[in-house]
Amino acid sequence: MPKHTLNPNNWVDLYSDYLFNYTITRVNDRVIAQDLVSETFLAGLNAMKNFKGEAAERTWLISILKRKIIDYYRKINSNKGKAEVRMTYNDSESEGDWLEERIADPFDKTAEDSIENEELADAIQSCIAKLPKKQAEVFKKKTILNQETETISKELNITASNLWVIVHRARVALASCLEKNWF
Amino acid sequence: MGLFFIKCKEAGHVCDKYQYEEASITEKIKLKIHLMYCSACRKHSASNKKLSQLLNKIKFQFLSSEEKDNIKKSFEKELKKHQQ
């Protein structure tokens, strides 16, 4: 297997959207997410000599980002100081400790759904990242940014039928990638 | 009759347009007719539809070009220091 190499000149163009999306689903704040992505690139730059070439560039950057996100949560937790846990038994309003109040609400599926969607978003993002550059660009513009066919073909200087061919190839590749990694 | 029968290649194209709600009614009818007798396209159509559903399910958030430029600028400053 060929050794992977790092090429920081392309990092921002190639990976910033992917890393940003990964971060925003986890920290829910655009500014913080941007900072974390920025920090990840810088940390990557400083750690380049430790790169052994065993993982792909993108995987390597994600592993740095994961640490950054964990650090971020550690920091805001320690800012809170010592948390105070108060338990009140037998307050006058609800006498006794009812078991029903302790179990999870089986009709509340939102937490599960949001975790599943987070994983789905990761899977789709990493499949898009595997597409050839041109295909990924056209597909993103068309499908995710919902741009008009005409606008895209003008901007990228391609014909409409050319655009549809690219979109078609991207969709076929994505469907088979997701089939392997998601279903 | 030949008017309503299309080849697989065109069916695939219409199917793609369908996903973006850009297929005309005639095209949709042609596609439906094609799918009645072509199992390969039926398969492709189903997986194409599934892909659209998955893509609709999640919300993508992208950096604006301004935000991306900011990240780029600050990164390139550091990059220059490294490459000297």
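Keep in mind that this is a model prediction, so the values were computed, not measured. (Residues numbered from 1 in each chain as written. Chains lettered and ligands numbered in written order. Predicted model: local features only at pLDDT ≥ 70, side-chain atom pairs only at ≥ 80, totals over all residues. Heavy atoms only, no water.)

> Any details on the packing of helix 5 (residues 133-144) of chain A against helix 7 (residues 160-181) of chain A? Residues and values, ideally.
Residues and elements named next belong to chain A. At a minimum axis separation of 9 Å, helix 5 and helix 7 run at an interaxial angle of 95°. Judged by the angle between their axes, helix 5 and helix 7 are roughly perpendicular. Here helix 5 contributes Lys134, Gln135, Val138, Phe139 and Lys142 to the contact with helix 7, which in turn contributes Leu163, Trp164, Ile166, Val167, Arg169, Ala170, Arg171 and Leu174. In terms of residue class, the contact of helix 5 with helix 7 is made up of 8 nonpolar, 1 polar and 4 charged. (Axes fitted to C-alpha atoms, helices over the stretch in contact; angles between N-to-C directions. Helix = DSSP H or I, 4+ residues; strand = E, 2+ residues; numbered from the N terminus. Parallel < 35°, antiparallel > 145°, perpendicular 65-115°, else oblique. Contact = heavy atoms within 4.5 Å. Nonpolar A, V, L, I, M, F, W, Y, C, P; charged D, E, K, R; others polar.)

> Give a description of the state of the cysteines that names residues and reports values.
Following the criterion strictly, the structure yields 1 disulfide over all chains and no others. Through a disulfide, A:Cys127 is tied to A:Cys177; the S-S separation comes to 2.0 Å. Between A:Cys127 and A:Cys177 the sulfur-sulfur dihedral comes to about -80°; the bridge is accordingly left-handed. Residue A:Cys127 is located in helix 4 (residues 110-130), and its partner A:Cys177 is located in helix 7; the two are separated by 50 residues in the primary sequence. For the pair A:Cys127 and A:Cys177, a shared accessibility class is recorded, and that class is buried. B:Cys41 supplies the cysteine sulfur nearest to B:Cys38, a cysteine that is in no disulfide, at a spacing of 3.6 Å. A relative accessible area of 10% places B:Cys38 in the buried class. (Disulfide = S-S within 2.5 Å. Buried < 20%, exposed > 50% of the residue type's maximum accessible area, 1.4 Å probe, protein only.)

> Would you mind going over the pattern of salt bridges in detail, with residue names and values included?
A side chain of one charge can pair with a side chain of the opposite charge when the charged atoms of the two come close. If you walk through the whole model with that rule in mind, you get 11 salt bridges over all chains. Among the salt bridges present, the one from A:Arg30 reaches B:Glu67, with a minimum N-O distance of 2.8 Å. Taken together, the positions of A:Arg30 in helix 2 (residues 30-46) and B:Glu67 in helix 4 (residues 65-83) put the pair across two chains. The class of A:Arg30 is partly exposed, set by a relative accessible area of 31%. A relative accessible area of 16% means that B:Glu67 is categorised as buried. Overlapping salt bridges, with partners in common, bring together A:Asp17, A:Lys140 and B:Lys68 in one network. (Salt bridge = Lys/Arg side-chain N within 4 Å of Asp/Glu carboxyl O.)

> Explain helix 4 of chain B residue by residue, including any values.
The terminal C-alpha atoms of helix 4 of chain B lie 26 Å apart, and with 19 residues this matches the ideal 27 Å at 1.5 Å per residue to within 8%. Looking at helix 4 of chain B, one finds that the buried residues are B:Glu67, B:Ile71, B:Phe75 and B:Leu79. Each buried residue of helix 4 of chain B sits inside an arc of 95° when the element is viewed along its axis, so together they form one side. Exposed and facing more than 90 degrees away from the buried side of helix 4 of chain B are B:Ser65, B:Glu66, B:Lys73, B:Lys77, B:Lys80 and B:Lys81. Contacts from the buried residues of helix 4 of chain B go to helix 1 (11-27) and helix 2 of chain A. (Expected span 1.5 Å × (residues − 1). Arc of directions from axis to C-beta.)

> Tell me what's going on with the interface of chain A and chain B, and back it up with residues and numbers.
Contacts between the two partners involve 41 residues from chain A, matched on the other side by 33 residues from chain B. Where chain A abuts chain B, roughly 3,600 Å² becomes buried across the two surfaces, and 65% of that area is made up of carbon and sulfur atoms. At the boundary of chain A and chain B, one finds 4 salt bridges. With a shortest N-O distance of 3.3 Å, B:Lys68 and A:Asp17 are connected by a salt bridge. (Buried area = accessible area lost by both parts, 1.4 Å probe.)

> Give a detailed account of the packing of aromatic side chains, specifying residues and quantitative values.
Counted under the stated rule, the structure contains 8 aromatic pairs over all chains. A ring pair is formed by A:Phe41 and B:Phe75, whose centres lie 5.6 Å apart and whose planes are at 50°; its orientation type is tilted. In this pair, A:Phe41 sits in helix 2 while B:Phe75 sits in helix 4, so the two residues belong to two different chains. By relative accessible area, A:Phe41 is classed as buried at 1%. Measuring from centroid to centroid gives 5.0 Å for A:Phe51 and A:Trp60, while their planes differ by 70°, and the two rings are edge-to-face. The same class applies to A:Phe51 and to A:Trp60, which are both buried. Of the aromatic side chains, those joined through ring pairs into one cluster are A:Trp11, A:Phe41, A:Phe51, A:Trp60 and B:Phe75. A cation sits over an aromatic face here: A:Arg26 above A:Tyr22, 3.7 Å from the ring centre. Above the ring of A:Tyr18, the side-chain terminus of A:Arg58 is found at 5.0 Å from the ring centroid. (Phe/Tyr/Trp six-rings, centres within 6.5 Å; stacked < 30°, edge-to-face > 60°. Lys NZ or Arg CZ within 6 Å of the ring centre and 35° of its normal.)

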